[in-house]
2 protein chains.
Amino acid sequence: MKTGEIRMSKFDKLVTNAAGRVVPTVINSKPAVPFKGIGKFKPSGHKTAPPITTCADYPADGNKVVSSLKEALLKCGLTDGMTISTHHHFRNGDRVALQVFDAVNEIGGKEMMWFPSASFPCHEPLIKYLEDGTIHHIEGSMNGALGRFASEGKMNGLGVLRSHGGRYQAVQDGDVHIDIAVIAAPSADAFGNANGVNGPAACGLLGFALADSQYADKVIIVTDNLVPFPCIPWQIQGNYVDYVVVLDQIGIPEKIISGTTQITKSPDRLLLAEWTAEFCDEAGLIYDGFSFQSGAGGTALSIGIYFADILRKRGWKARFARGGSNKYLVQMLEEGLTDYILDGQTFDLEGVRSMRDNPNHVNTSPFTSYNYHGKGNFSSLVDIVILGATEVDVNFNANVVTHSDGLLLHGIGGWQNCLFGKTVILPIPLFRDRIPVIRDEVTTLCGPGELIDVIVTERGIAINPRRTDLIEKMKGSPLPIKTIQELKGTAEQICGIPEKPELTDEIIAVIKWVDGTVLDSVYKVKE
Amino acid sequence: MKTGEIRMSKFDKLVTNAAGRVVPTVINSKPAVPFKGIGKFKPSGHKTAPPITTCADYPADGNKVVSSLKEALLKCGLTDGMTISTHHHFRNGDRVALQVFDAVNEIGGKEMMWFPSASFPCHEPLIKYLEDGTIHHIEGSMNGALGRFASEGKMNGLGVLRSHGGRYQAVQDGDVHIDIAVIAAPSADAFGNANGVNGPAACGLLGFALADSQYADKVIIVTDNLVPFPCIPWQIQGNYVDYVVVLDQIGIPEKIISGTTQITKSPDRLLLAEWTAEFCDEAGLIYDGFSFQSGAGGTALSIGIYFADILRKRGWKARFARGGSNKYLVQMLEEGLTDYILDGQTFDLEGVRSMRDNPNHVNTSPFTSYNYHGKGNFSSLVDIVILGATEVDVNFNANVVTHSDGLLLHGIGGWQNCLFGKTVILPIPLFRDRIPVIRDEVTTLCGPGELIDVIVTERGIAINPRRTDLIEKMKGSPLPIKTIQELKGTAEQICGIPEKPELTDEIIAVIKWVDGTVLDSVYKVKE
């Protein structure tokens, strides 16, 4: 509890929410609802709706191409204080967000809210626009330098971190109104139909930009690969698009697609992977027709390979695997070890190829997979979900955005959304740089412990006491099943009791829960 | 002008619109805007938006199956006076709409508005529900017996006929609020993902139900082919779906897919086809990379075959062909004579197979193709559009819904939307059953003459005087180019001057234009 630490604040009012965290009730001048517990907040009202347009105002020949980003922004009626969105399918190879705000700056626009689906180290140059007032603040993950900038209390507004699903929810529900969406597309036609499977900046799909296309007042497609109508598949539909801009380069291919994603060679990480797979197998979570989501890190990839081995040996197959996809998952699909890949982003060229050519490699979106304010979503249908964390506490609460020194360096991604999977497992090292990962309390709460089932470390495995079924099944297992307190004790024996981060009482960002309520606050670090 | 004929009416107010037609300004107790001219009506406000839902209210395991249509309707909160929608992808083989209203009747529901994307002769049994008050009125095309029922003044409310695009517009803009959408799906999973490409009732796609899924308060999927999650492709997304019902049979395959669509053998119709193709060629409308939409009638099919011959001979290909698809169009795609089929409905099993297996056979929807209140749509991008008509007048205005005796027997379909193609050609016989098709004035105005470019009859071809470019190009053509008055004269020489239909002054239905304004009224016929 940080309540005692709070002495003064620039916020109207702070309250302690249902998770016991102190959060503001007004965020960037808009009222906010504190977290009420999982599934407890019941939304009311209707979804947001963009203005009605008419074909009479659009070119009959379908040609929406204008000469520059600047022209497109001006035609969109760029005004100070607008919200401008971009997507992050190009990851650290994005060449568009900078060009957008260069154009905004050239026009003389001020006080914009940047609403990326995520930001990356490549966006560090935008700090100058945060400093000169072109950008007022960012709502979206701030990886690396931008996060540090915010952590040091230098950003004007409050950062708002949402999961992928939470971002869709926020847009759909009208919590965030996008004035202008700029959607970078590896292929597009002049009408605005667009996809991510073809072109020099191929990134697989454009699902993170779906909400932006559907709900923004104005939509600009930028591409470096204009194709004749129709651009097939139309992952983004031109009927939502106002203008198309052709640029020399929208992304740096080798930074979009790492091509280097490799399974881990670290003996400790390999052990985590092996124990995780073994745990799943012993607990009966793997069966003919099961489903899983593992992720793209070295440990996760290795877990996938163990899963594939088990399936192959028994003549089973998964019904579906959730991507982020990569060559290992594609191999499983092509070998017939899974019926489908349901994919939110492709992490390598094999993923892109497979999504382009294989109808069973299906592109998904935060709408299908993660939006909590839908009529269900896919996340709760997944049997086994493998996730990471920067910290876990003794109540299984977890943190993914700050380090133990309090610095905000990561986004939430789909992490919160995936917590709704049937069994959520966090294979994590017991300590990093001699700092224990399991603590009395997480620096920042991103995921309530009741949704996290198993912690796998290199010194033992802890099962959430709520999962009596798993505890029962693992009785007599050769695996080192421990309590979470035991794991914490082991870490502290080795590394000592970790110090609390040195934080001020100034809130610089908030963590939204999947339903739009405020789960926790992120504090300015001490100089 | 029918002004003189109107003496009394049950409507609050009648006005003469920009097309010179008398129309009501209140329709089924809601205000209506009279037609203002093409592209003249500028909509304001925002699209409609369904209620915000939460995953907390839906089953975490994704299983939305309930035991019966009745249970699903009750769970949806069925109340008297609601609007219930269905789609017409099963055409005259639909087995769902009847079962829906049987269930409504069993529940004791009254005064429903039925909002089908189209109705067919198979729906004749619903007349009993129009008579007993289960259904108050129908908004949607009324083919055959239902149209005759309305024409005789027997339906309570006013029929509202919309094009496919107009239906999407009406739903999107909130002109029609769907309380409960019932979407029949040849394949679906328990989560509600659904498609039309697999299963005993395969119909190819479900595009006509897209708006219903997106905008209805409650959505019910009915299927006779429940598959394990995920149902791929998900043409309808389960995230929009509330309940899934499994029925024994949702459609009669041989009536969904005719399998008998054949090119015409009538010498007159073949002549129409030949002249139409020749006209297009001489006028330079066919080129390497052109696009066309012809339709599924015998004449239209023959025109497509002529087009294919021309392409093959010159080594050209179409960039895209619009469907309704059939085996002839599929042959063109497979032979490489067109890059893509952009398809709104599949008319035979070859169309279904191709859509299922060929990624270049692309399913479209009224949103992509026809919605006039979008940011453009595909219809204005098509080079050559071939359409039919029941009547054409000397100003090139055309009718597709009533016969010359005034009976309302057909729907509008995508006809109005297709009028926005670059060149619109109507190959029609000069007379049918010795009744001239070209008249001084159409019985019902469905398409303003300024959008209709060429009339091809077996006695000559008339070019709309507005198309000076075509008139210029066809100078010296061996084809029998005439004026429309000449064609009318020829018909009257042979058949005599046609009599006006015997109509009362009672309006029984209205024709909406693509922008939601009221284009014309349909009158009760005299007993």
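Here the residue index of a chain counts from 1 through its sequence in written order. Whichever chain is written first is A, and whichever ligand is written first is 1; the rest continue in order. Reporting in this predicted model follows two pLDDT cut-offs: at least 70 for local features of residues, and 80 or more for side-chain atom pairs to be given and counted; totals over whole chains, interfaces and linings ignore these cut-offs and use all residues.

Participant: Please explain the domain arrangement of chain A as it appears in this structure.
Facilitator: Residues and elements named next belong to chain A. Taken domain by domain, chain A holds domain 1 (61-139 + 176-256) and domain 2 (267-504). Spacing between the C-alpha centres of domain 1 and domain 2 amounts to 32 Å. Listed by partner, the interface residues are 13 residues for domain 1 and 14 residues for domain 2. Residues are grouped as follows: Ala, Val, Leu, Ile, Met, Phe, Trp, Tyr, Cys and Pro are nonpolar; Asp, Glu, Lys and Arg are charged; all remaining types, including Gly, are polar. Of the residues contributing to the side of domain 1 that touches domain 2, the split by class is eight nonpolar, five polar and no charged. Start and end points for every domain follow an automatic or database-based domain assignment. Each residue gets a C-beta atom placed from its backbone, and two residues are in contact if those atoms lie within 7 Å.

Participant: Looking at this model, I keep getting lost on the pairing of strand β8 (residues 135-138) of chain B. Mind explaining?
Facilitator: When a strand is regular, its side chains alternate between the sheet's two faces. All names here are of chain B. Paired strands are those between which DSSP finds at least two bridges. Comment: elements are numbered from the N terminus, with helices defined as DSSP H or I runs of at least four residues and strands as E runs of at least two. Of the strand pairs in this sheet, strand β7 (residues 112-116) and β8 are connected by three bridges, and their pairing is parallel. Among the inter-strand pairings, Trp 114 is bridged to a residue of β8, identified as Ile 138. Classification remark: right-handed applies to a crossover when, strands pointing away from the viewer, the course from the first strand over the helix to the second runs clockwise. The handedness of the β7 to β8 crossover, carried by helix α3 (residues 127-132), is right-handed.

Participant: What am I meant to see in the sheet that holds strand β14 (residues 243-246) of chain A here?
Facilitator: Each strand in a sheet pairs with its neighbour through backbone hydrogen bonds, running either in the same direction (parallel) or in the opposite one (antiparallel). All names here are of chain A. Spatially, the seven strands line up as an open sheet ordered β5-β14-β13-β10-β6-β7-β8, and their pairing is parallel. Edge positions in the open sheet fall to β5 (65-66) and β8 (135-138), since each of these has one partner strand only. Here four bridges tie strand β13 (residues 218-223) to β14, and the two strands are oriented parallel to one another. Within the sheet, the bridge partner assigned to Val 222 lies in β14 and is Val 245. Simply put, an axis is a line fit to the C-alpha atoms, just over the touching stretch for a helix, and the angle between two N-to-C directions goes from 0 to 180 degrees. In this fold helix α2 (residues 97-107) packs onto β6 (83-86), β7 (112-116), β8 and β10 (180-185), with an angle of close to 155 degrees to the strand it touches most, β6.

Participant: Would you take a moment to explain the packing of helix α9 (residues 298-314) of chain A against helix α10 (residues 327-335) of chain A for this structure?
Facilitator: Each packed pair of helices is defined by two parameters, the angle between the axes and the distance between the axes. All names here are of chain A. As a packed pair, α9 and α10 sit with axes 10 Å apart at the nearest point and diverge in direction by 15 degrees. Our classification of the angle between α9 and α10 gives roughly parallel. Here α9 and α10 pass one another in a crossing that is left-handed. Contacts from Leu 301, Gly 304, Ile 305 and Ala 308 of α9 reach α10 at Tyr 328, Leu 329 and Met 332. Each angle is binned into one of four classes, with values under 35 degrees roughly parallel, values over 145 roughly antiparallel, values of 65 to 115 roughly perpendicular, and all other values oblique. Two helices that cross are described as forming a left-handed crossing if the nearer one is turned anticlockwise from the farther one by less than a right angle, and a right-handed crossing if clockwise.

Participant: I tried to follow the relation of the copies chain A and chain B on my own but got confused; where do I start?
Facilitator: Each of the two chain copies goes to the other by way of a rotation about an axis and a shift along it. The least-squares superposition of copies is restricted to C-alpha atoms, and to residues with a pLDDT of at least 70 in both copies. The transform that puts chain A on chain B rotates by 180 degrees and translates by 0.0 Å along the axis, for an RMSD of 0.0 Å. What the superposition gives is, in effect, a two-fold axis relating one chain to the other. Residue Ala 49 of chain A, judged by its C-alpha, is the member of chain A lying nearest the rotation axis, at 2.9 Å. Most of the interface of chain A is mirrored in chain B, where 100% of its interface residues again form contacts.

Participant: Could you clarify how one ought to interpret the interface of chain A and chain B in this entry?
Facilitator: Reports often express the size of an interface as the amount of accessible area lost when the parts come together. With 50 residues of chain A at the contact, the number on the chain B side is 50 residues. Only β16 (318-322), β17 (338-343) and α12 (366-369) of chain A provide two or more residues apiece to the side of chain A that touches chain B. Of the residues in the side of chain A that touches chain B, the class split is 24 nonpolar, 18 polar and eight charged.

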